[in-house]
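A structural walkthrough
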Amino acid sequence: MTGPGYDPVIQAERIALVDLLDRVLSGGVVIIGDITLSIAEVDLVRVSLRALVTSISGLVEAMDEPREYN
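Residues numbered from 1 in each chain as written. Predicted model: local features only at pLDDT ≥ 70, side-chain atom pairs only at ≥ 80, totals over all residues. Heavy atoms only, no water.

What follows is about the environment of Leu-52. By secondary structure assignment, the location of Leu-52 is in strand β2 (residues 42-53). Separated by 20 residues in the primary sequence, Leu-52 and Ile-32 have C-alpha atoms spaced 8.9 Å apart. Setting aside anything within four residues of it in sequence, one finds Leu-52 in contact with Val-29 and Val-30. (Helix = DSSP H or I, 4+ residues; strand = E, 2+ residues; numbered from the N terminus. Contact = heavy atoms within 4.5 Å.)

What follows is the structure in structure tokens.
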């Protein structure tokens, strides 16, 4: 396949959605966000989001590792 927009390096780096999800769950992802709804510079509603997305096996492995405290 050739033509405009074709890049063999990008084509070689394509990854299946299942593989991407496996990588994310094995390492874990932290999602943090804040949303503020205000009218006339008066804050009416504030929503804070803090989420950890990981697999159970990854979490158990992380908890089993010895920790060093300085």
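That shown, we press on.
Moving on, we come to the pairing of β2. Here 11 bridges tie strand β1 (residues 29-39) to β2, and the two strands are oriented antiparallel to one another. Its bridge partner being in β2, Leu-37 is matched across the sheet by Val-45. Joining the antiparallel neighbours β1 and β2 is a turn of two residues, in which Ala-40 adopts a positive phi near 55°. (Pairing = 2+ DSSP bridges.)

Turning our attention to the confidence of the model for the protein. Model confidence for the protein is summarised by a mean pLDDT of 76, while 73% of its residues fall at 70 or above. Per-element averaging of pLDDT across the protein places helix α1 (residues 8-12) at the bottom with 56 and β1 at the top with 89. (pLDDT = per-residue confidence, 0-100.)

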